[in-house]
Number of protein chains: 2
Amino acid sequence: MLDAMIRARSVAIVGASQKKNEVGGDKLGTVALNYLLAHGYAGKVYPVNPKETEIRGLTCYPSVTDIPDDIDLALIAVPAKASVAVMKDCGAKGVKTAIVLASGFSEAGEPQLEADLIAAAKAGGVRFCGPNTNGMISIVGDMVCCTSMVCAMPRFNKGDIAFLTQSGAVGGSMLGTGNEEQGGFSHWISVGNEADLQVADYLDYLADDPDTKVIAMFIEGIRDPDKFTRACAKAARAGKPVVVYKIGLSDVSAAAAASHTGAMVGSNAVFDAVCRKYGVVRVEDAADLLPTAITFSRLLDKLPKGPNMGLIGPSGGICGVCADECHRFGLDVPELPQAAQETLKQFIPPFGALRNPIDVTQQIRSSPTGYQDTIRTVLEQDMIDGVFLLVTMVGEPRASFYCDIFTEAARATDKPVIIAWTGAQSLAAQAIPQIKRNQIPIYFSARGAVRAMRALLDYRRFLDARDVEADQ
Amino acid sequence: MLDAMIRARSVAIVGASQKKNEVGGDKLGTVALNYLLAHGYAGKVYPVNPKETEIRGLTCYPSVTDIPDDIDLALIAVPAKASVAVMKDCGAKGVKTAIVLASGFSEAGEPQLEADLIAAAKAGGVRFCGPNTNGMISIVGDMVCCTSMVCAMPRFNKGDIAFLTQSGAVGGSMLGTGNEEQGGFSHWISVGNEADLQVADYLDYLADDPDTKVIAMFIEGIRDPDKFTRACAKAARAGKPVVVYKIGLSDVSAAAAASHTGAMVGSNAVFDAVCRKYGVVRVEDAADLLPTAITFSRLLDKLPKGPNMGLIGPSGGICGVCADECHRFGLDVPELPQAAQETLKQFIPPFGALRNPIDVTQQIRSSPTGYQDTIRTVLEQDMIDGVFLLVTMVGEPRASFYCDIFTEAARATDKPVIIAWTGAQSLAAQAIPQIKRNQIPIYFSARGAVRAMRALLDYRRFLDARDVEADQ
């Protein structure tokens, strides 16, 4: 059923208009129509507005019932009170799915209006997203049915991360920053009030979705914990990491969430228990949600087998910072075997450090292949489960040289490699965007890099334990 | 005595050369000379090299003893073994201070060579920085005596933050990123092996330095704890916040630090106790060091009187995230007085939230002065000690409008205002750099903003307690 929404072949936009709103801007439906056209949707588009006959060169119909085509998805962009009648039309027309954008329902103290909307949808057999949502985007399908300002970005990167959000504004922010980081996305859904379809329904769908490998969620509260738990279990069985930020640590935020979408925030401890059981990766800082999901997307086939990390950097200082972060997050920095240290001695100046962390010193630049040989040697050690490449201050063209050797090393190994680039980004203006385009995970602090590696290890251990259970 | 180094009127650069090194690059002394000239040093510059007569248009002298002028600072850029003889020359000449760049002393298993260097300096009455250092930069004095690649940045912003680092590479990174964030700096010193001058000596000097208001330090270990403690006490009496990142949480990093500069890392607990006693702000994440110091520099005269925060954002989601972070870091988000809520009702759409956090909703953009009036109203409440301005997704030109009203509001109040901008930065390409140039603290996560406010509150409480003690 969600196929009709996420892979819609035809979209009706109810409320698109040539007229401006009170402050001279485009009406919500027109905003949505413009974004849909701008992002190159290949399906059929039908504006609906009884007061217009044409908009953006497309024939405009008085009602969805007048459209001479089957409609997979109706984007309902009229005020809250008018939405119920449009939903009835959708039912009469046999529209399969809808997105109700308007706010002014239960979140605004109008539960009866929301109940009327639900009743109309149910009577007509329409499944819907919202109300009080920014809509959805199927990035892989070039289908932008969304009013978030993030859609002003010229394009979204296609990829395998699906994103579910209970806050359209925060979700839009995250899609935007994730897109800037060259994360690749399959679908993005602002779930709104979840009057019909809930986070758990989308999660259940995405667990089967061939375009989705990683699922990221911004969660305020769970409406049906059992359904949600079942969906998490399904994603776990599919080996698709679910990365979650959940609000509601404080009474204030719980109250805010309740007034925002009407969702109950629920117990943190219960939520944590569900996460542990199903390998859900819960991030503490909202700003980590997308970077963590992106790292999973890039390294899901290279999860670390164990906690032993190789640290390679050009300074004792940055090596020490990263070693401390490993200690903090429960990763180990074992001394390398003597033979490996002997090998490294050929590449690294005498005042460097060979044990691990490996301080290649700034002087390694005087050796043409010393850096590459060092990285390869460390990655080849059986005892090493993953590698951090640490960078301090480096400018172009050396920065682009780092980009090339880091990319080559990361691609040539089946172990996870994460970069922590702590120097001024303006001096590496070519290299850093290129590393992102090359899909090599890069963080701008040692802590971020280490925390991400720890999340990969936790998920690997979850998968391993799951396989053991399945064997029994 | 440190005046002669940090405010040197004449600099000798020993080891500058027209010749290239083995791999075709500039020699260390030449790198230093080039940076010194590029950054516009107004004092006198004397290259020293027995094999040259002229370099970069400047007369080159065979030895420092041949320079026909008093020398405040000698930058010694010759190999380790040759440094001792140069130091003797400096003593003979009456050079007041020196920086010894070379590595290859105690950190490389050559303690005798370091002892010889110390003896030569002591015999000649020369105080020195290093060895094994990247040098120093007096940003307010346009004096770059430094070989860090960070000096490739076209200019450093002048300001009141002094930076001491036991890692030249990490310190260079941080100066670079801090400069990109429009932090303003007074001086930057890579202390190296501290064979003579120690962190505590510089800290003692900076506590009196009229150009310095905030002191940031990257620390691996403290050589003379008593002297360090006295310097912290002096900075505390001067009301100058000292912001520190200290390595050494793990055995591995402690070992790395010991091999790096020979410093003992010491006990974390003891270091924490010193921090508490003297109001030293210790950051947990190395990446927070410079942003925290910059925020102190900007808000030192607007420290929060108490923990009560006003949260203003365009979405329930981001308000909830920030409320959770306040809860995590021990800040309060009290309900606003009824009268204030009545006032806010005039500006904010009915589906917003007035209690605090204040969800102005995306619709507030339809009201020309609603945002300004909301911020002003919250700041005017006696009960509110500081304000977070939260941003999700916003593009230009609206982003620049935010920049203008945020700047105006922050400047008009004596309370701290910190921005958390969580939306895609590429859509606010004018606004975000402008906010930084306007010196308004901006973070790209709610957590970062809240953590910084908490540090400000802690320091305020430290100052208040200190004043009470002084009263008794």
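So, how was this worked out
- Residues numbered from 1 in each chain as written.
- Chains lettered and ligands numbered in written order.
- Predicted model: local features only at pLDDT ≥ 70, side-chain atom pairs only at ≥ 80, totals over all residues.
- Heavy atoms only, no water.
- Pairing = 2+ DSSP bridges.
- Helix = DSSP H or I, 4+ residues; strand = E, 2+ residues; numbered from the N terminus.
- Axes fitted to C-alpha atoms, helices over the stretch in contact; angles between N-to-C directions.
- Contact = heavy atoms within 4.5 Å.
- Parallel < 35°, antiparallel > 145°, perpendicular 65-115°, else oblique.
- Nonpolar A, V, L, I, M, F, W, Y, C, P; charged D, E, K, R; others polar.
- Buried < 20%, exposed > 50% of the residue type's maximum accessible area, 1.4 Å probe, protein only.
- Arc of directions from axis to C-beta.
- Domains from an automatic or database assignment.
- Buried area = accessible area lost by both parts, 1.4 Å probe.
- Salt bridge = Lys/Arg side-chain N within 4 Å of Asp/Glu carboxyl O.
- Right-handed = clockwise from strand over helix to strand, strands pointing away.
- Left-handed = near helix turned anticlockwise from the far one by under 90°.
- Disulfide = S-S within 2.5 Å.
- Least-squares fit on C-alpha atoms with pLDDT ≥ 70 in both.
- Expected span 1.5 Å × (residues − 1).

1. Thoughts on the sheet that holds strand β2 (residues 44-48) of chain A
All names here are of chain A.
Now for step 1: With parallel pairing, 5 strands are arranged side by side in an open sheet as β2-β1-β5-β6-β7. Here the strands that pair on one side only, and so sit at the sheet edges, are β2 and β7 (127-129). Across the sheet, the axes of successive neighbouring strands diverge by a mean angle of 20 degrees, strand direction being ignored.
Now for step 2: Of the strand pairs in this sheet, strand β1 (residues 10-14) and strand β5 (residues 73-76) are connected by 4 bridges, and their pairing is parallel. Opposite Ala12, over in β5, you have Ala74 as the bridge partner.
Now for step 3: Seen against the sheet, helix α2 (residues 28-38) touches β1, β2 and β5 and runs at an angle of roughly 150 degrees to β1.

2. Details of the packing of helix α12 (residues 338-345) of chain A against helix α13 (residues 370-380) of chain A
Residue and element names in this part refer to chain A.
Now for step 1: Viewed as axis vectors pointing N to C, α12 and α13 meet at an angle of 170 degrees, and their least axial separation amounts to 10 Å. Classified by the angle their axes make, α12 and α13 are roughly antiparallel. Here α12 contributes Ala340, Thr343 and Leu344 to the contact with α13, which in turn contributes Thr374, Thr377 and Val378.
Now for step 2: In the contact of α12 with α13, the residues fall into 3 nonpolar, 3 polar and no charged.

3. A word on helix α9 (residues 268-278) of chain B
Residue and element names in this part refer to chain B.
Now for step 1: Turning to α9, its buried residues are Phe271, Val274, Cys275 and Tyr278. The buried residues of α9 occupy one face: seen down the axis, they fall within an arc of 100 degrees. Seen from the open side of α9, the exposed residues pointing more than 90 degrees away from its buried face are Ala269, Arg276 and Lys277.

4. Re the domain arrangement of chain A
Residue and element names in this part refer to chain A.
Now for step 1: Each domain of chain A was delimited in the assignment, giving domain 1 (1-132), domain 2 (148-302) and domain 3 (303-461).
Now for step 2: The distance between the C-alpha centroids of domain 2 and domain 3 comes to 30 Å.
Now for step 3: If you look at the interface, domain 2 gives 18 residues, while domain 3 gives 22 residues.
Now for step 4: Summed over both sides, the interface of domain 2 with domain 3 buries roughly 1600 Å², with 57% coming from carbon and sulfur.
Now for step 5: It is Arg298, Leu299 and Lys302 in domain 2 that bury the most area against domain 3; as a group they hold 41% of the surface buried on that side.
Now for step 6: Counting the contacts that link domain 2 with domain 3 gives 2 salt bridges.
Now for step 7: Residues Glu181 and Lys436 are paired through a salt bridge, measuring 3.2 Å at the closest nitrogen-oxygen approach.
Now for step 8: For the side of domain 2 that touches domain 3, the element with the most residues is helix α10 (residues 289-299), which contributes 6 residues.
Now for step 9: When its residues are assigned to classes, the side of domain 2 that touches domain 3 shows 6 nonpolar, 5 polar and 7 charged.

5. Quick look at the pairing of strand β17 (residues 386-391) of chain B
Residues and elements named next belong to chain B.
Now for step 1: Of all the 6 residues making up β17, 6 are buried; the element is thus mostly covered by neighbouring parts of the structure.
Now for step 2: Burial of the side chains of β17 extends over both faces: Gly386, Phe388 and Leu390 are buried on one face and Val387, Leu389 and Val391 on the other.
Now for step 3: Bridge analysis of β17 against strand β18 (residues 417-421) gives 5 bridges, and the strand direction is parallel. Across the sheet, residue Leu390 finds its bridge partner in β18, namely Ala420.
Now for step 4: Taking the sense of rotation as the criterion, the β-α-β connection linking β17, helix α14 (residues 398-412) and β18 turns out right-handed.

6. What to know about unusual backbone geometry
Now for step 1: Note the cis peptide between B:Gly130 and B:Pro131, where omega equals -5 degrees.
Now for step 2: By secondary structure assignment, the location of B:Pro131 is in the loop between β7 (127-129) and β8 (135-138).
Now for step 3: Of note, the amide linkage connecting B:Glu396 to B:Pro397 takes the cis form, showing an omega dihedral of 5 degrees.
Now for step 4: Structurally, the position occupied by B:Pro397 is in the loop between β17 and α14.
Now for step 5: Positive phi outside glycine occurs at A:Gln182, with the angle close to 65 degrees.
Now for step 6: Looking at the secondary structure, you find A:Gln182 in the loop between α5 (168-180) and β11 (185-190).
Now for step 7: In this structure, A:Gln439 is a non-glycine residue whose phi angle is positive, near 70 degrees.
Now for step 8: By the secondary structure assignment, A:Gln439 is in the loop between α15 (431-437) and β19 (442-443).
Now for step 9: The exposure class assigned to A:Gln439 is partly exposed, which follows from its relative accessible area of 36%.

7. Some details on the packing of helix α7 (residues 225-237) of chain A against helix α9 (residues 268-278) of chain A
All names here are of chain A.
Now for step 1: For the pair α7 and α9, interaxial distance at closest approach is 9 Å and the crossing angle is 25 degrees. Compared by their axis directions, α7 and α9 come out roughly parallel. Here the hand of the crossing between α7 and α9 comes out right-handed. The residues of α9 that touch α7, namely those facing Phe228, Thr229, Cys232, Ala233 and Ala236, are Phe271, Val274 and Tyr278.
Now for step 2: Residues that form the contact of α7 with α9 fall into these classes: 7 nonpolar, 1 polar and no charged.

8. What to know about the state of the cysteines
Put plainly, two cysteines are in a disulfide when a covalent bond ties their sulfur atoms together.
Now for step 1: Tallying each qualifying case throughout the model produces 0 disulfides over all chains.
Now for step 2: Of all cysteine sulfurs, the one in A:Cys151 lies closest to A:Cys146, which takes part in no disulfide; the gap is 3.6 Å.

9. Quick word on the interface of chain A and chain B
Now for step 1: On the side of chain B, 61 residues touch chain A, which itself brings 61 residues to the contact.
Now for step 2: Summed over both sides, the interface between chain A and chain B buries roughly 4500 Å², with carbon and sulfur atoms accounting for 64% of that surface.
Now for step 3: At the boundary of chain A and chain B, one finds 4 salt bridges.
Now for step 4: Secondary-structure elements contributing two or more residues to the side of chain A that touches chain B are α5, β13 (242-246), α8 (251-261) and α11 (316-328) of chain A.
Now for step 5: The greatest single-element share of the side of chain A that touches chain B, amounting to 10 residues, is contributed by α11(A).

10. Observations regarding the relation of the copies chain A and chain B
Now for step 1: With an RMSD of 0.0 Å, chain A superimposes on chain B once it is rotated by 180 degrees and translated 0.0 Å along the axis. Taken together, the rotation angle and the small translation identify this as a two-fold axis.
Now for step 2: Take the interface residues of chain A: 100% of them recur as interface residues in chain B, which is what a same-surface contact looks like.

11. Some thoughts on α5(A)
Now for step 1: In this model, α5(A) (13 residues) spans 18 Å end to end at C-alpha, consistent with the 18 Å of a helix rising 1.5 Å per residue.
Now for step 2: Summarising burial for α5(A): 11 of the 13 residues are buried, a large majority.
Now for step 3: The set of residues buried in α5(A) consists of A:Gly168, A:Ala169, A:Val170, A:Gly171, A:Gly172, A:Ser173, A:Met174, A:Leu175, A:Gly176, A:Gly178 and A:Asn179.
Now for step 4: Here the buried face of α5(A) lies against β8 (135-138), β10 (158-165), β11, β12 (214-219) and α10 of chain A together with α11 (316-328) of chain B.

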